[in-house]
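# Geometric and topological summary
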Amino acid sequence: MERSLKKMKNNNINSTSNNMMKGNELFHVIHKVPCGDTPYVKAKHAQLIEKNPEMAIVWFWKAINTGDRVDSALKDMAVVMKQLDRSEEAIEAIKSFRPRCSKNSQDSLDNVLIDLYKKCGRMEEQVELLKRKLRQIYQGEAFNGKPTKTARSHGKKFQVTVQQEISRLLGNLGWAYMQQAKYLSAEAVYRKAQIVEPDANKSCNLAMCLIKQGRFEEGRAVLDDVLESRVSGSDDCKTRQRAVELLSELETSLPRGRDAEMEDVLGNMLDDDFVLGFEERTATSFKSKRLPIFEQISPFIDQLVC
């Protein structure tokens, strides 16, 4: 009897212990917090559970300095810093510590840097980084000559096609040019983006570039494609509303004279290197790595360069 009671007691203890372990695992899954007691784990706990971003940054620094999940710690810390309007500090942190990170993490760090440059208004650096990433794709370095790559966002993996990545980068580059009032460069980039993967949002941005140059009829034609649902994404309510607003702006704008248009052309010349490394397409060393998508847009690039 005594032995039986002792066995039941042990079973209850084991059962309680197992339930606690399962509950603990469930907690980490729900809150997306890793298990353990390392600086990185404490940083994520402070960030996601305690909602204490300042303390999270302290622990992220400790994780980086002790070599604890440096790739994730640096990227996550930069994101938290951006939320706290400490973007300049985040930029310097990435530049200083990215050599400690693995090769596989460099692409995601670049994406964080692009957002930080945008946040800080550092458009020249954003443009240069975007061009570099586009050159890497063209030269077969980013996708290793493959049509897709695996990306990660919020802990989930998904496949990104080369077309999607090029379109995303071109869209960011076009927007950066617009902030610099380089509307011809922005127009060229958006037109290339639309060849790769057309969408209504980029159509609106292209229309804005044309309106800024006083090319109202061309702008109207682009907006009509959105409002007539001839472009992917035209059904999005916000995009349609933006198209309507741009059309209203276009209609209230007065046509400008030839001299004003020529002044725009001279004042907003194409970026010297806007071809994004595509000018190297004649180099035989890159020919074997060339992805099919570049064959599709090459004729248009040739037209722009001439």
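Just so you know, these numbers come straight off a predicted model, no measurement behind them.

Turning next to the UniProt feature "repeat: TPR" (unreviewed entry) in the protein chain. The feature "repeat: TPR" (unreviewed entry), as annotated in UniProt, sits at residues 167-200 in this numbering. The distance separating the terminal C-alpha atoms of residues 167-200 is 12 Å; by composition the span is 82% helix and 0% strand.

Take the packing of helix H2 (residues 39-48) against helix H4 (residues 70-83) next. At a closest axis distance of 11 Å, the pairing of H2 and H4 adopts a crossing angle of 25°. The pairing of H2 with H4 is recorded here as roughly parallel in orientation. Between H2 and H4 lies a crossing whose hand is left-handed. When H2 is examined against H4, the residues Tyr40, Lys44 and Gln47 are found in contact with a partner set consisting of Ser72, Ala73, Asp76 and Val80. Across the contact of H2 with H4, the residue classes tally to three nonpolar, two polar and two charged.

Another point: the packing of aromatic side chains. Summed over the entire model, instances satisfying the criterion amount to two aromatic pairs. Both rings, one in tyrosine 40 and one in phenylalanine 60, keep their centres 6.0 Å apart while their planes meet at 50°; by these two values the pair is tilted. A residue pair is termed long-range when its members are at least 10 positions apart, and tyrosine 40 in helix H2 and phenylalanine 60 in helix H3 (residues 53-66) qualify at 20 residues. Like phenylalanine 60, tyrosine 40 is buried. Seen from their ring centres, tryptophan 61 and phenylalanine 97 are 5.4 Å apart, and the 65° between their planes marks the pair as edge-to-face.

A few words now on the environment of glutamate 251. Structurally, the position occupied by glutamate 251 is in helix H12 (residues 237-252). Residues glutamate 251 and phenylalanine 216 lie 35 residues apart in sequence; the distance between their C-alpha atoms is 8.3 Å. One polar contact links glutamate 251 to arginine 220, side chain to side chain, over a distance of 3.5 Å.

Moving on, we come to unusual backbone geometry. When glycine is set aside, most residues are seen to have a negative phi, and most peptide bonds are trans. Although it is not a glycine, aspartate 85 sits at a positive phi angle of roughly 60°. On the secondary structure map, aspartate 85 appears in the loop between H4 and helix H5 (87-97). Assessed through its relative accessible area of 60%, aspartate 85 is described here as exposed.

So, about the confidence of the model for the protein chain. Considering every residue of the protein chain, the mean pLDDT works out to 79; 70% of them sit at 70 or more. pLDDT under 50 marks residues 15-31. Its contacts with residues more than four places away, or in other chains, come to six contacts.

A rise of 1.5 Å per residue sets the reference length of helix H6 (residues 106-120), with its 15 residues, at 21 Å; its end C-alpha atoms lie 21 Å apart and thus fit the reference within 8%. Listed as buried for H6 are Gln106, Leu109, Asp110, Val112, Leu113, Ile114, Leu116 and Tyr117. After H6 finishes, the residue glycine 121 shows a positive phi value of roughly 75°.

Now for the nonpolar core. Generally speaking, a soluble globular protein has its nonpolar side chains buried in company with each other. The biggest cluster of nonpolar side chains holds 62 residues, and the ones touching the most others in it are Phe60, Leu74, Met77 and Leu116. The biggest single contributor to this core is helix H8 (residues 162-179), with eight residues. There are two domains that each give this core at least three residues, and those are domain 1 (24-101) and domain 2 (197-252). If we skip the residues at most four places from it in the chain, leucine 116 touches Ala78, Lys82, Ser87, Ala90, Ile91 and Ile94.

By the definition in use, this model includes 22 salt bridges. The shortest N-O distance in the salt bridge between glutamate 54 and arginine 86 comes to 3.0 Å. Pair noted here: glutamate 54 is in helix H3 and arginine 86 is in the loop between H4 and H5, with a separation of 32 residues, a long-range link. A residue is classified by how much of its surface remains accessible, and glutamate 54, at 43% relative accessible area, is partly exposed. Of the charged contacts, one joins aspartate 225 and arginine 230 as a salt bridge, the two residues approaching to 2.9 Å between their closest N and O atoms. You can call aspartate 225 partly exposed: its relative accessible area is 29%. Using a relative accessible area of 54% as the deciding quantity, one classes arginine 230 as exposed.

Inspection of the secondary structure assignment puts lysine 133 in helix H7 (residues 123-138). If near-sequence neighbours (up to four positions away) are discounted, lysine 133 is found in contact with Asp107, Asp110, Asn111, Ile114, Glu165 and Leu169.

A few words now on H4. Helix length check: H4, at 14 residues, gives a terminal C-alpha distance of 20 Å against a target of 20 Å (1.5 Å per residue), a fit within 8%. Turning to H4, its buried residues number three or more, namely Val70, Ala73, Leu74, Asp76, Met77, Ala78, Val80 and Met81. Buried-residue contacts for H4 involve H2, H3, H5 and H6. Where H4 terminates, the next one or two residues include aspartate 85, which has phi positive at roughly 60°.

Conventions we followed
Residues numbered from 1 in each chain as written. Predicted model: local features only at pLDDT ≥ 70, side-chain atom pairs only at ≥ 80, totals over all residues. Heavy atoms only, no water. UniProt positions renumbered as here; feature names shortened; annotations may be inferred. Helix = DSSP H or I, 4+ residues; strand = E, 2+ residues; numbered from the N terminus. Axes fitted to C-alpha atoms, helices over the stretch in contact; angles between N-to-C directions. Parallel < 35°, antiparallel > 145°, perpendicular 65-115°, else oblique. Left-handed = near helix turned anticlockwise from the far one by under 90°. Contact = heavy atoms within 4.5 Å. Nonpolar A, V, L, I, M, F, W, Y, C, P; charged D, E, K, R; others polar. Phe/Tyr/Trp six-rings, centres within 6.5 Å; stacked < 30°, edge-to-face > 60°. Buried < 20%, exposed > 50% of the residue type's maximum accessible area, 1.4 Å probe, protein only. Polar contact = N/O pair within 3.5 Å; in protein donor to acceptor, adjacent residues only side chain to side chain. pLDDT = per-residue confidence, 0-100. Expected span 1.5 Å × (residues − 1). Core = buried A, V, L, I, M, F, W, Y, C linked by side-chain atoms within 4.5 Å. Domains from an automatic or database assignment. Salt bridge = Lys/Arg side-chain N within 4 Å of Asp/Glu carboxyl O.

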